[in-house]
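Tertiary structure, described
Residues per chain are reported as follows:
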Amino acid sequence: MNNTVTPPDQEPERQHYFIGKLKEWVDDFYSEFKRKPTAFVCTFGCQMNARDSEKLRGILLQAGYETAEGEEADLVVYNTCTVRENANLKVYGRLGVLNGYKKKNPNMKIALCGCMMQEEEVVSKIQKSYPFVDLIFGTHNLYKFAELLFIALNNNEMTVETWDDSTAIVEELPKKRKYSFKSGVNIMFGCNNFCSYCIVPYVRGREKSRYPIDIIREIEKLASDGVKEIMLLGQNVNSYGKTLDGQPTFAQLLYDINKIDGLERIRFMTSHPKDLSDELIYAMAECDKVCDHLHLPLQSGSSRLLQDMNRHYDKEKYLSLVDKIRNVMPDISLTTDIIVGYPGESEEDFLETMDVVKRVRYDSAFTFIYSKRTKTPAAEKPDQIPEAIVHDRFDRLLDTVQKIGREQTARFTGRIMNVLVEEENQKENGLVTGRLTNNFVVHLPGNKSDIGHTIPVKLDECKGFYYLGSRIDGN
Ligand code: 5AD
Ligand code: SF4
């Protein structure tokens, strides 16, 4: 080991240097224990975190760690979420269990990262009540994982490094994809919208976009590596490009990505209704690779609450946007996010939400009970809704969402549609499971060799939220 070499200041070169240092550490571990160290990265929360975990795994793999399937490992990383309080509670609960493992394996290291670590109170609580944690870092310095882990491995104290925000985007580091045939691709980071209930702008920082050329190069590389489906990731992809020179739009980006050879499907997440332009609707319709699916968070059907939530649209504007989208793309699958029990929500407000659900007829919806988040304006509001009322509304909403979802899903019965096969069926031998471009799940006869292939399938029977299909490719 050459200790006289100083680490480069430039990124990503600096992190490659520290991956080298980790490799040396792994070699020493191997000499001592006659086995490689194992690592388990556990993801909480959204697709953004799932992608971040692939970056963490890529670094660990390159450093020589072996993948562990559970928490009995030499290194456990929890990539946390804080969008609702129960996400935080889950992490605290599991930390207790980790402490037990650490007592059995004193060389074990525990690292925590992700959105929850961007909250000062969380970090203080961990320092005070969970002193066995070895490393804490945040969302803005995730790319420094190799360096931070190397410091933590050589430090008996807890290593803590979180940043309030950052303008740097460092992407050229190893990644270990969960699926060979599909991948997330970050196109932007952060959020500037400050919806009144949401903690994301406080923990993910200000909006910043990647340059189209960098995104396209990454996708071209993925496509040449066999990736057929990509999910473009951002908190609000419709405002993509606003921070860049020349202000490229998300629609222009879609047209460019649509030209990439080998790529079959383009998905994106998430769209804010206030920024969904006509240009984007036409781009979705014209680009054959863009999937027939739009996730368009409603949050509430009450114009009064939408204004209080700082959403910048009202019930009528949302409904007319849905009409416009369906006029251009009649088969599109629409999904949404809805919050129940926002402070001050009256029965009338709730019925407005139910009305939108019945009129739009979503294919599926994520329904959430409002959760009070630190720093957010909604948390300060006096008229928080009693739990019993919220649960009653939540149950009524879920019933309606599920009933409509089942009816909507059945609308393609009898059609022949392409399924991208994702995995062997978990429950039944001889079946594989995949998705239509509208994101509906289909089970069909097949085996492992079908994974990653697109197969035309007749949708024989709808079983509620999924289809049973038969192959028409002769296999
Ligand atoms: N309480 C409940 N749900 C929330 N979401 C965001 N913040 C909160 C909160 N404080 C939901 C929104 C968002 C989704 C990702 O999480 O519906 O679209
Ligand atoms: Fe949160 Fe609103 Fe930003 Fe979505 S758009 S991440 S709900 S603040």
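Here we summarise the structure given alongside this text. These figures come from a predicted structure and were not determined experimentally.

Take the packing of helix H8 (residues 250-258) against helix H9 (residues 278-286) next. Following both chains from N to C, one finds H8 and H9 inclined at 15°, their axes separated by 8 Å at the closest point. Judged on the interaxial angle alone, H9 and H8 are roughly parallel. The interaxial crossing formed by H8 with H9 has left-handed handedness. In this structure, H8 uses Phe250, Ala251, Gln252, Leu254 and Tyr255 to contact H9, whose residues at the interface are Glu279, Leu280, Tyr282, Ala283, Met284 and Glu286.

What follows concerns the sheet that holds strand S13 (residues 333-340). In a beta sheet, neighbouring strands pair by backbone hydrogen bonds and run either parallel or antiparallel. If you trace the 3 strands from one edge of the open sheet to the other, you get S12-S13-S14, paired in parallel fashion. Single-partner strands in this sheet number two, and they are strand S12 (293-295) and strand S14 (364-369). Averaged over neighbouring strand pairs, the angle between their axes works out to 15° when direction is ignored. Where S12 meets S13, 3 bridges bridge the pair, whose relative direction is parallel. By the bridge assignment for S13, His293 is matched with Ser333. Along the sheet face, helix H13 (residues 387-409) touches S13 and S14 and points at about 175° away from the line of S14.

Near ligand 1 you find Val83, Arg84, Tyr197, Gln299, Asp337, Ile339, Phe368, Ile369, Tyr370, Ser371 and Arg373, and these make up its full shell. At 2.6 Å from an oxygen atom of ligand 1 is found a side-chain nitrogen or oxygen belonging to Gln299. Taking Asp337, its side chain carries an N or O atom lying 2.7 Å from an oxygen atom of ligand 1. When residues of the shell around ligand 1 are traced back to their parent elements, those giving at least two are S13 and S14. Per-class residue counts for the shell around ligand 1 are 6 nonpolar, 2 polar and 3 charged.

Quick look at the nonpolar core now. Counting residues in hydrophobic clusters, the biggest one holds 68 residues, and the most contacted among them are Ile230, Leu232, Phe250, Leu254 and Ile257. Once residues within four sequence positions are removed from consideration, Ile257 is found in contact with Ile215, Ile216, Ile219, Ile230, Leu232, Leu263 and Ile266. Counting residues in hydrophobic clusters, the runner-up holds 26 residues, among them Phe18, Ile19, Leu142 and Leu153.

This part is about the pattern of salt bridges. Within the structure shown, the criterion is met by 45 salt bridges. Here Asp308 ties to Lys381 by a salt bridge, and the two come within 3.0 Å at their closest N and O atoms. Here the residue Asp308 occupies a position in helix H10 (residues 303-308), and Lys381 occupies one in the loop between S14 and H13, the gap between them amounting to 73 residues. Here Asp308 falls in the partly exposed class, since its relative accessible area comes to 33%. Linked by salt bridges that have partners in common, Arg51, Asp52, Glu54, Lys55, Glu171, Lys175, Arg204, Arg210 and Glu218 make up one network.

Tallying each qualifying case throughout the model produces 18 aromatic pairs. Relative to Phe440, the ring of Phe412 lies with its centre 6.0 Å away and its plane at 50°, an arrangement referred to as tilted. Residue Phe412 is located in the loop between H13 and strand S15 (416-424), and its partner Phe440 is located in the loop between strand S16 (431-435) and strand S17 (441-445); the two are separated by 28 residues in the primary sequence. Residue classification places Phe412 among the buried positions, given a relative accessible area of 1%. Take Phe440: its relative accessible area is 7%, and that puts it in the buried class. An aromatic cluster is defined as three or more aromatic residues linked by ring pairs; in this entry it consists of Trp25, Phe29, Phe33 and Tyr65. Directly above the aromatic system of Phe368 lies the positively charged group of Arg84, at a separation of 3.7 Å from the ring centroid. When the ring centre of Tyr92 is taken as origin, the NZ or CZ atom of Lys125, which lies over that ring, is 4.1 Å away.

This paragraph deals with the pairing of S17. Note on strand geometry: in a regular strand, side chains alternate between the two faces of the sheet. Summarising the sheet, S16 and S17 pair through 5 bridges and their orientation is antiparallel. Bridging from a neighbouring strand, Gly434 pairs with Val442 of S17. The hairpin formed by S16 and S17 contains 5 residues between the paired strands, and Asn439 there has a positive phi angle of roughly 80°. Two elements, S17 and strand S19 (residues 466-471), share 3 bridges in a ladder whose sense is parallel. Within S19, the position partnered with His443 by the bridge is Leu468.

What counts and how
In every chain, residue numbers begin from 1 and rise along the written sequence. The lettering of chains begins at A and the numbering of ligands begins at 1, in the order of writing. Only residues with pLDDT of 70 or above have their local features reported here, since the model is predicted, and side-chain atom pairs are shown and tallied only from 80 upward, although totals for entire chains, interfaces and linings are computed over all residues. Each side-chain value is worked out from all heavy atoms of the structure, with water and hydrogens disregarded. Only the contacting stretch of a helix is used when fitting its axis, a line to C-alpha atoms as for every element, and angles between N-to-C directions run 0 to 180 degrees. Every helix listed is a DSSP run of H or I at least four residues long, and every strand listed is a run of E at least two residues long, numbered separately from the N terminus. Angular relationships are summarised with four words: roughly parallel below 35 degrees, roughly antiparallel beyond 145, roughly perpendicular across 65 to 115, and oblique for the angles in between. Working rule for handedness: look at the near helix, and if it is turned counterclockwise from the far one by less than a right angle, call the crossing left-handed; if clockwise, right-handed. Contacts were defined at the residue level, with two residues in contact if any of their heavy atoms lie within 4.5 Å. Paired strands are those between which DSSP finds at least two bridges. Near is defined per residue: the residue qualifies when any heavy atom it owns lies within 4 Å of the molecule or strand. In protein, a polar contact requires one atom able to donate a hydrogen and another able to accept it; more generally it is a pair of N or O atoms within 3.5 Å, and residues adjacent in sequence count only if both atoms are side-chain atoms. Any residue outside Ala, Val, Leu, Ile, Met, Phe, Trp, Tyr, Cys, Pro, Asp, Glu, Lys and Arg is labelled polar, Gly included; the first ten of those are nonpolar and the last four are charged. Side-chain atoms within 4.5 Å link the members of a nonpolar core, which is a set of buried Ala, Val, Leu, Ile, Met, Phe, Trp, Tyr and Cys residues. Only protein chains enter the accessibility calculation, which uses a 1.4 Å probe; a residue whose area is less than 20% of its type maximum is buried, one above 50% is exposed, and one in between is partly exposed. Salt bridges are counted wherever a side-chain nitrogen of Lys or Arg sits within 4 Å of a carboxyl oxygen of Asp or Glu. By convention, a stacked pair of Phe, Tyr or Trp rings (six-membered ring in the case of Trp) has centres within 6.5 Å and planes under 30 degrees apart, an edge-to-face pair has planes over 60 apart, and any other such pair is tilted. By definition, being over a ring means that NZ of Lys or CZ of Arg is both within 6 Å of the ring centre and within 35 degrees of the ring normal.

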